[in-house]
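# Structural description and commentary
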Amino acid sequence: MTVESVRPKDTTASAEPPVAGGAVPLLGHGWRLVRDPLAFLSQLRDHGDVVRLKLGPKTVYAVTTPALTGAVALSPDYIIAGPLWESLESLLGKEGVATANGKLHRRQRRTIQPAFRLDAIPAYGPIMAEESHALVERWRAAGGVLDITYESFRVAVRVAARCLMRGSYMDARADRICADLTTLFAGMYQRMVVPLGPLYKVPLPANREFNRALADLHVLVDEIVADRREGGQKPDDLLTALLEAKDDNGDPIGEQEIHDQVIAILTPGAETVGSTVMSLLLVLTEHPELGDKIRDEVESVVGDRPVAFEDVRKLTYTANVVTETLRLYPAVWILTRRAVADTELGGYRIPKGADLIYSPYAIQRDRRSYERNEDFDPDRWLPERSKDVPKYAMSPFSVGNRKCPSDHFSMAELTLLTAAVAHAYRFEHAAHSDARPRIGITLRPRRLMLRALAR
């Protein structure tokens, strides 16, 4: 399906989309996006394919169908911008691949893409396997109750750092990165849905903690870059590629771009993968039969030896569990874009400069796209069934030129990690575990406290 094929034949549309109900003075729909955003976004499709929301003084257009979200993602009429990206700019900057547009974004993609080619990923396999088995052994030695928030983000940071920015200097910084990101991603969501700019500069405790975490993360990135330069080593990794990258004039790229690119490597990868690991462990806890099937698959593929990266392609059921987790618990659950031209979408006029918002969470749980849409069913990703899923109804890594460059890397990492831990353990909730969704820029369980029971 092309972008054009999802547009109405009448391109002279002049109607405005309907306004969603439930707005309140001053905050508009922002209060509903704070109070219960998942439920609010999931019911918007009942009111139209495109609906208008009020976020404070802003009007935002919510896009609710798979076909139209695909059109937005693929069309040059919409760029990376809007409330989400404005809230992220203090963290990601304006010169990293996550937030750049146009020529700068295309050049940056060319710089980082070789690190994520399919033929490059096997080189990371031993590190992924080593970290997965180290996690299993650490849990065996620790015993007792595991703080899964800490454990998930720790392994995500370590894999990203060791594969893409190789060096032992990351070991001492992994915990600080995890703590900083936890604070930042919670605060940024609030800044997106309740855009009360000057109030976030008031020295309240929450604002001070946010600013402390932000400053510390930027210091960490500068230390990482400085350590690599001082060491004089040039391993074949993404950080070396950045330090040797050239701009369009053939000159070395600037320090700010290097800084923002390292942030773009560490932050989204660690946050989204860490959140997904938490959701996978929640799934294994609440559906123990899935872990039993994964264990059986691992044993049928590898026998008595430890599972390795080379086994991932054969672990089809395990990969389907990962895919179904990404469907029901997408870490990236909300996205925004901005129109750069007067255009139309779904028969409605979208003015230049308008901000659009859409939710992969809502799209991927829509009853119109999935039978038993709320059920966790890995077999829906068997070839004979997955062909019935509408196009763009499952896009956890996005599509088009904004598709996550590390999609194959992340799927291999998540499949290998899931196979290793499910083969070794069953899980149960411990005291004070809270599986309710934690709403931030990313989506994950609020606080998982689990016991890992050896099989």
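Preceding block: the structure.
How each quantity is defined
Residues numbered from 1 in each chain as written. Predicted model: local features only at pLDDT ≥ 70, side-chain atom pairs only at ≥ 80, totals over all residues. Heavy atoms only, no water. Patch = residues over 30% accessible without salt bridge, like charges linked within 9 Å, V, L, I, M, F, W, Y side chains within 5 Å. Areas by Shrake-Rupley, 256 points an atom, 1.4 Å probe, with all protein chains shown as cover. Salt bridge = Lys/Arg side-chain N within 4 Å of Asp/Glu carboxyl O. Buried < 20%, exposed > 50% of the residue type's maximum accessible area, 1.4 Å probe, protein only. Helix = DSSP H or I, 4+ residues; strand = E, 2+ residues; numbered from the N terminus. Contact = heavy atoms within 4.5 Å. Phe/Tyr/Trp six-rings, centres within 6.5 Å; stacked < 30°, edge-to-face > 60°. Core = buried A, V, L, I, M, F, W, Y, C linked by side-chain atoms within 4.5 Å. Pairing = 2+ DSSP bridges. Axes fitted to C-alpha atoms, helices over the stretch in contact; angles between N-to-C directions.

## Examining a nonpolar patch on the surface
On the surface, a nonpolar cluster with roughly 260 Å² of combined accessible area is contributed by Leu199, Val202 and Leu204. Judged by its relative accessible area of 47%, Leu204 is partly exposed.

## Observations concerning the pattern of salt bridges
According to the stated counting rule, one finds 29 salt bridges in the structure shown. Arg138 serves as the salt-bridge partner of Glu151, at 2.8 Å between the closest nitrogen and oxygen. Of this pair, Glu151 sits in helix H7 (residues 148–164) while Arg138 sits in helix H6 (residues 125–142); the two residues are 13 residues apart in sequence, bridging distant segments of the chain. With relative accessibility at 9%, the residue Glu151 sits in the buried group. Since its relative accessible area comes to 26%, Arg138 is described here as partly exposed.

## Details of the environment of Ile148
As for its placement among the helices and strands, Ile148 is situated in helix H7. When sequence neighbours within four positions are dropped, the list of residues in contact with Ile148 reads Trp139, Met278, Leu281, Leu448 and Leu450.

## Remarks on the packing of aromatic side chains
A complete count under the given rule lists 5 aromatic pairs for this structure. Aromatic pair Trp139 and Tyr425: ring centres 6.1 Å apart, planes at 50°, arrangement tilted. Remark: Tyr425 occurs in strand S9 (residues 425–429) and Trp139 occurs in helix H6; sequence separation between them is 286 residues. Tyr425 matches Trp139 in its accessibility class, with the two residues each being buried. Ring geometry for Trp139 and Phe427: centres 6.0 Å apart, planes at 90°, overall edge-to-face. With Trp139 in helix H6 and Phe427 in strand S9, this pair connects stretches of sequence that are 288 residues apart.

## A word on the nonpolar core
Side chains of a nonpolar character, in soluble globular proteins, are inclined to be buried together. In this structure, Trp139, Leu281, Phe409 and Val421 are the most contacted members of the largest nonpolar core, which totals 89 residues. Top contributing element to this core by residue count: helix H11 (residues 255–286), with 14 residues. Not counting residues up to four positions away in its chain, the partners in contact with Leu281 are Trp139, Ile148, Ser152, Val421, Phe427 and Leu450.

## Quick word on the pairing of strand S8 (residues 355–358)
Residue alternation in S8 divides its side chains into two sets, Asp355 and Ile357 and Leu356 and Tyr358, and both sets are buried. Of the strand pairs in this sheet, strand S2 (residues 58–63) and S8 are connected by 3 bridges, and their pairing is parallel. Counted as the bridge partner of Ala62 is Ile357 from S8. Here 4 bridges tie strand S5 (residues 335–339) to S8, and the two strands are oriented antiparallel to one another. Pairing of Thr336 across the sheet is with Ile357, part of S8.

## Comments concerning the sheet that holds strand S1 (residues 50–55)
Taken in spatial order, the 5 strands line up as S1-S2-S8-S5-S3 in an open sheet, and their pairing is mixed. Edge positions in the sheet fall to S1 and strand S3 (78–80), since each of these pairs with one other strand and no more. Strand-to-strand twist in this sheet, taken as the mean axis angle between neighbours without regard to direction, amounts to 40°. Pairing of S3 with S5, which is carried by 3 bridges, proceeds in the antiparallel orientation. The residue of S5 that forms the bridge with Tyr78 is Ala339.

Read these as layout, nothing more, since geometry by itself doesn't imply function.
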